[in-house]
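# A closer look at the structure
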Amino acid sequence: MKYNKKIYTIALASLFTFMVGNVNAQDEIEIPVRETSNATERFKKTINSGVTGEIDNTFRKVSKDRFVGVANGIHGDDLSTANEMNLSNTLQGRILGLQVITNANTPGGGGASIYVRGKDRNDSNSPLFLVDGIDRPWQDLNPEEIDQVVVLRDATAKILYGSRAANGVVLITTKRGNASTGLHISGGFEFGMKTPTSTPEFLGADEYAQYYNQARLNDGLPTYYSDQQISAYRNGSDPLLHPNNDYRSFALKESATYQKGYLNFQGGTQKTKFFAHLGYTGDGGLEALGYQTTYERFNMRANVDIELSKWATLKTDVAGRAEFRNKPAISTADFYTDLSATRANEYPIFIQEGTNRENTILGGSLNHPKNIYGELNYGGYDIQNDKNIQTRMGFEFDFDDYVKGLSADVYASMDYNSMFRYGKNEGYNSYAVVMPQGDDYKYQLVNSGLKSDDQVRKASSDYYSNAFYGSINYDRTFNEIHQLLVTGVGYVQSTSDSQSFQVHKHLHSGLTANYMLNNKYVVEGSSVIVASNTLQNHNQSMWTYAGGLGWIVSKENFLKNNDVLTYLKLKGSAGVLAHNNSLNYYSEILRYGESGDARFGPTNNNRYPVWVPQAYGNEDLEYEKSVELNLGTELALFRNIYMEANVFRNARKDMPVYMNDFYPDYMGGNQMMMNYNSTLSNGLEVMVSYMKQLGHWHLGVSGNFMYQQTKWDDVLEFKYDENYLSQKGMPIGNIYGYRNLGFFQNAQDVESSTHQTFGPLRPGDIKYRDLNNDGVIDEDDKEFLGTTDPTMTFGIQLNIGYKNFNLFVHGTGLAGHYLNNSSMYYQFDGLMNYSEIARGAWTEATANEATYPALTTGQSTNNFQNSDFWLEKGNFFRIKSVELSYTMPKKIVKKMAGIESTFTLRGNNLFEFTSIKNKNLDPERPNTGVTNFPIMRSVTLGAHFKF
């Protein structure tokens with residue numbers, strides 16, 4: 001931690017020193033009152049886009065006044081404040097209605113879990129992501145190549161995107177050229193350090209031995225470690241037979257480096273416009289020895305618009321990405337799990353530490369034969385190269401000279417991704433140290449392996465995508481009163497990969513019409529037919545429809561010229577959409593598969609394969625439906641406060657589910673799928689933004705909040721005698737288990753309490769409640785304990801600018817859910833490693849203040865049942881990103897050949913405020929750093945320019 005603080009101090013001091021030097025230069029010249037920093041202008045752009053402007057949803061552009069749907073977004077430049085390799089993590093808390101949950105930040109991975117208006121089902125909740133109108137990989141885009149990200153959330157906004165849009169649609173639009181401003185070149189470079197947000201703590205060898213002895217006493221067994229052995233662990237007098245290793249400190253560094261650079265070219269003429277992007281990002285792992293994890297990514301993009309004639313424009317896009325990953329052969333998850341699972345006294349890392357492989361002797365144990373040094377240095381390595389090419393070409397037509405208001409466009413795309421992984425899988429010898437014989441130790445081989453001189457191919461894959469889409473628009477105003485926009489759309493996409501013989505096909509086409517009367521009243525209706533080859537029968541296609549109304553109340557005479565309520569709009573929408581992301585192919589037919597063989601003949605030597613039903617088909621299987629309702633309002637107060645609020649209700653009907661619970665076990669598993677389950681989701685979302693200029697000061701605040709919960713309306717389950725066991729009416733993502741009554745305090749307490757059926761009981765074990773009062777505690781005493789799905793999502797952005805200085809702070813959080821502490825950090829028995837949680841274990845002496853059950857060297861089946869003992873509220877608020885920046889004054893820029901410069905100090909995941917008791921774990925993902933790569937905290941210095 002001292003090292004980390006030193007990094008942060010040096011970074012802050014460096015930027016401060018630079019700023020002070022430029023403040024003096026700034027004070028020597030006259031500064032215009034309205035001059036602002038680039039960061040302030042960037043924040044203004046995002047805020048203003050939510051209040052005015054147009055909604056560009058691939059197929060049509062609709063002014064905010066005429067739009068009856070729900071859409072909010074953010075500009076790509078505003079996402080650059082987060083030092084994240086993965087674009088998904090930059091979206092957390094930034095867009096109303098978008099719930100983002102960070103996962104392990106593995107270099108080259110670490111994509112977040114993203115939901116639009118929360119979850120409507122137990123699985124397959126991911127929204128549809130479109131990059132320039134195409135469903136394609138998006139998480140490795142750089143913010144600097146993105147124009148904006150827009151999230152569509154209600155039925156009228158989503159319906160034009162077909163059967164994969166019910167979970168929400170995220171539109172990512174890349175930047176294009178601009179002829180009006182000439183050629184602009186911009187770029188920048190950042191460098192910084194990343195450190196884990198969590199520091200899991202496990203017991204040292206001497207402390208572990210003491211608690212293990214206590215576990216033995218609890219089991220009625222004699223102690224295993226003597227006082228002399230515990231003393232040897234503590235003082236290090238015998239490191240071979242009595243090691244005391246902190247494997248995490250040995251194998252992990254305190255920090256990793258991060259670097260990023262980009263270069264943009266944007267401009268053109270009236271005939272030709274272009275945008276080009278070159279980007280580099282580099283990240284590293286935390287291994288302190290052996291093969292190091294590294295990740296490098298190179299991004300390239302070129303978007304070109306060519307005006308072929310007055311009525312036709314050619315648009316061509318080419319984007320490429322190359323990724324290079326290097327890592328030890330051991331998986332990241334196995335590596336961190338191994339560090340957490342290995343007891344400090346498990347084995348000496350070195351029996352003999354040599355200068356090379358041949359004269360190094362590694363330690364191990366019968367319980368844990370793998371050696372952490374051997375895994376990183378001699379276990380082999382993986383090298384993975386990924387290549388991605390995305391192309392799009394299309395024409396936009398303006399027929400206004402021939403038919404007033406008529407336009408059209410048509411696009412085709414071809415994408416190709418390839419992955420190739422190679423490396424070495426090697427082995428090594430490790431030895432367990434046993435009791436010495438005379439003056440020498442005796443070694444026992446526990447793991448053997450050989451060095452390999454040849455690299456091998458480990459994996460490869462290819463992915464192909466072809467898409468074609470187009471639209472035709474008729475946008476006309478009659479007599480300055482009647483505004484009509486009619487849009488026809490068509491979309492088809494097919495994808496395939498080398499891991500599957502199946503080609504995935506999705507298509508849809510439809511029509512939508514928007515009519516506005518007298519700039520105040522809006523009505524919209526849409527109808528779209530969807531189809532997919534996931535169904536192969538008469539239910540392969542489905543009609544979907546949606547409609548909405550809008551009323552701009554502030555344009556009525558009774559609110560005109562109102563200086564307080566300067567804008568007020570009421571809107572509502574409803575619709576029925578199809579959903580098919582959860583359907584399997586060939587679910588309508590009976591499928592057979594090989595299962596063993598049968599033998600015939602006099603000696604049973606004639607073998608014949610046996611084919612049995614693998615899945616029963618259902619020809620009547622159809623699409624899942626999403627019935628959606630939204631009521632909303634948009635308003636502005638005093639011309640500088642903007643608010644938006646929506647209440648929504650979504651019902652999912654006819655969810656496909658396997659009917660195993662409808663049939664007895666003797667009929668076998670893999671029963672047919674049927675449209676059965678249904679859920680009901682209710683929610684509220686609110687956004688408020690405020691901007692104010694006071695002389696040289698600029699203040700901007702934006703906050704968003706969403707409450708959402710989905711409950712089972714109908715669910716396939718056994719018909720329980722006890723109503724509290726039923727999931728119907730309960731939230732999805734639910735946790736069912738037992739109510740705990742604390743610990744058994746003594747043997748008499750165990751004998752006099754209700755019988756528990758989960759194994760032998762003793763003092764210090766968890767006591768459960770008999771919910772049905774039948775005199776026994778078993779499966780019938782479970783009930784709903786809570787949900788692991790957050791019900792509240794919130795984010796806030798604060799921007800304070802003074803002249804050319806700017807401070808931006810972004811915070812985000814989740815609440816209304818529980819964490820189930822069932823990982824190895826909390827639940828350990830037998831020969832498992834002990835975390836610091838063990839210090840609260842029950843003993844007779846600590847019975848009144850114990851926070852953990854009595855330790856055992858056996859299996860703790862009673863204590864590790866699902867129960868509220870292991871649950872705690874997972875509420876947290878994180879300072880997600882902070883940026884302190886300084887932009888050169890305009891008069892200095894003129895003296896520097898027009899080169900505008902901005903210098904930044906950025907921090908990411910800096911602080912957390914949480915209800916979670918254990919501060920050694922990350923509140924968002926407690927298992928990160930324990931069984932996987934940790935969530936990272938970062939600080940970077942950057943220089944950015946444009947001219």
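Residues numbered from 1 in each chain as written. Predicted model: local features only at pLDDT ≥ 70, side-chain atom pairs only at ≥ 80, totals over all residues. Heavy atoms only, no water.

Turning next to the packing of aromatic side chains. Throughout the structure, instances matching the rule amount to 44 aromatic pairs. Residues Tyr291 and Tyr381 carry aromatic rings whose centres are separated by 4.9 Å and whose planes lie at 50 degrees to one another, so their mutual orientation is tilted. In this pair, Tyr291 sits in the loop between β12 (272–284) and β13 (294–307) while Tyr381 sits in strand β17 (residues 380–398), placing the two residues 90 residues apart along the sequence. For Tyr291, a relative accessible area of 28% translates into the label partly exposed. Their ring planes at 15 degrees and their centres at 6.2 Å tell us that Phe794 and Phe877 sit as a pair that is stacked. Pair noted here: Phe794 is in strand β39 (residues 792–802) and Phe877 is in strand β43 (residues 876–887), with a separation of 83 residues, a long-range link. By relative accessible area, which is 22% here, Phe794 ends up partly exposed. When the ring centre of Tyr411 is taken as reference, the NZ or CZ atom of Arg392 above it lies at 4.1 Å. (Phe/Tyr/Trp six-rings, centres within 6.5 Å; stacked < 30°, edge-to-face > 60°. Helix = DSSP H or I, 4+ residues; strand = E, 2+ residues; numbered from the N terminus. Buried < 20%, exposed > 50% of the residue type's maximum accessible area, 1.4 Å probe, protein only. Lys NZ or Arg CZ within 6 Å of the ring centre and 35° of its normal.)

To continue, consider the sheet that holds strand β6 (residues 128–131). Sheet architecture is open: five strands sit in the order β3-β8-β9-β6-β7, paired in mixed fashion. Strand pairing shows two members of the sheet lacking a second neighbour, β3 (71–75) and β7 (134–135), which therefore form its edges. Pairing of β3 with strand β8 (residues 146–152) involves five bridges; the strand directions are antiparallel. From the neighbouring strand, Ile74 faces β8, where its bridge partner is Val149. (Pairing = 2+ DSSP bridges.)

With respect to the helices and strands, the residue His944 is situated in strand β45 (residues 936–946). Residue classification places His944 among the buried positions, given a relative accessible area of 12%. Expressed as a C-alpha distance, the spacing of His944 and Glu358, which sit 586 residues apart in the sequence, is 50 Å. Discounting residues that sit within four places of it in the chain, His944 has contacts with Gly187, Gly188, Glu190, Tyr262, Glu900, Ser901, Thr902, Thr904 and Arg906. Within the structure, His944 has its side chain in polar contact with the side chain of Tyr262 (distance 3.2 Å). (Contact = heavy atoms within 4.5 Å. Polar contact = N/O pair within 3.5 Å; in protein donor to acceptor, adjacent residues only side chain to side chain.)

Bringing unusual backbone geometry into the picture now. One non-glycine residue, Thr58, lies in the positive phi region at around 75 degrees. Its location among the elements puts Thr58 in the loop between β1 (54–56) and β2 (61–63). In this structure, Glu480 is a non-glycine residue whose phi angle is positive, near 60 degrees. Among the secondary structure elements, Glu480 is positioned in the loop between β21 (456–478) and β22 (482–497).

Another point: the pairing of β43. For a regular strand, side-chain orientation follows a simple rule: the groups alternate between the two sheet faces. Buried residues dominate β43, accounting for 10 of its 12 residues. Bridge count between strand β40 (residues 805–815) and β43: 10 bridges; the pairing is antiparallel. Each bridged residue has a counterpart across the sheet, and for Phe808 the counterpart in β43 is Glu883. In this sheet, strand β44 (residues 900–914) lies alongside β43 in antiparallel orientation, the contact comprising 11 bridges. What sits directly across from Tyr886, in β44, is Phe903.

Along helix α7 (residues 227–235), the positions that sit buried rather than exposed are Ile230, Ala232 and Tyr233. Projection of α7 onto a plane perpendicular to its axis shows the buried side chains occupying an angular sector of 155 degrees, all on one side. Facing away from the buried side of α7 by over 90 degrees, the exposed positions are Asp227 and Gln228. Against α6 (205–218) lie the buried residues of α7. A positive phi of about 70 degrees marks Gly236, the residue just after α7. (Arc of directions from axis to C-beta.)

All right, on to a positive patch on the surface then. Together, Lys890, Lys891, Lys894 and Lys895 line one region of the surface with positive charge. Note on placement: Lys891 falls in helix α12 (residues 890–895). Overall, the relative accessible area of 38% leaves Lys891 in the partly exposed class. (Patch = residues over 30% accessible without salt bridge, like charges linked within 9 Å, V, L, I, M, F, W, Y side chains within 5 Å. Areas by Shrake-Rupley, 256 points an atom, 1.4 Å probe, with all protein chains shown as cover. Salt bridge = Lys/Arg side-chain N within 4 Å of Asp/Glu carboxyl O. Lys, Arg positive; Asp, Glu negative; His and termini not counted. Charge placed at Lys NZ, Arg CZ, Asp CG, Glu CD.)

Within the secondary structure layout, Arg878 lies in strand β43. Take Arg878: its relative accessible area is 0%, and that puts it in the buried class. Side-chain polar atoms of Arg878 contact the side chain of Glu912, separated by 2.9 Å. Here Asp922 takes part through its side chain, which lies 2.9 Å from a polar atom of the side chain of Arg878. Look past the residues within four positions of Arg878 in its chain and what remains in contact with it is Thr197, His810, Gly811, Thr812, Asn909, Phe911, Glu912, Asp922, Glu924 and Ile935.

So far we have only geometry, and geometry alone does not tell us how the molecule works.
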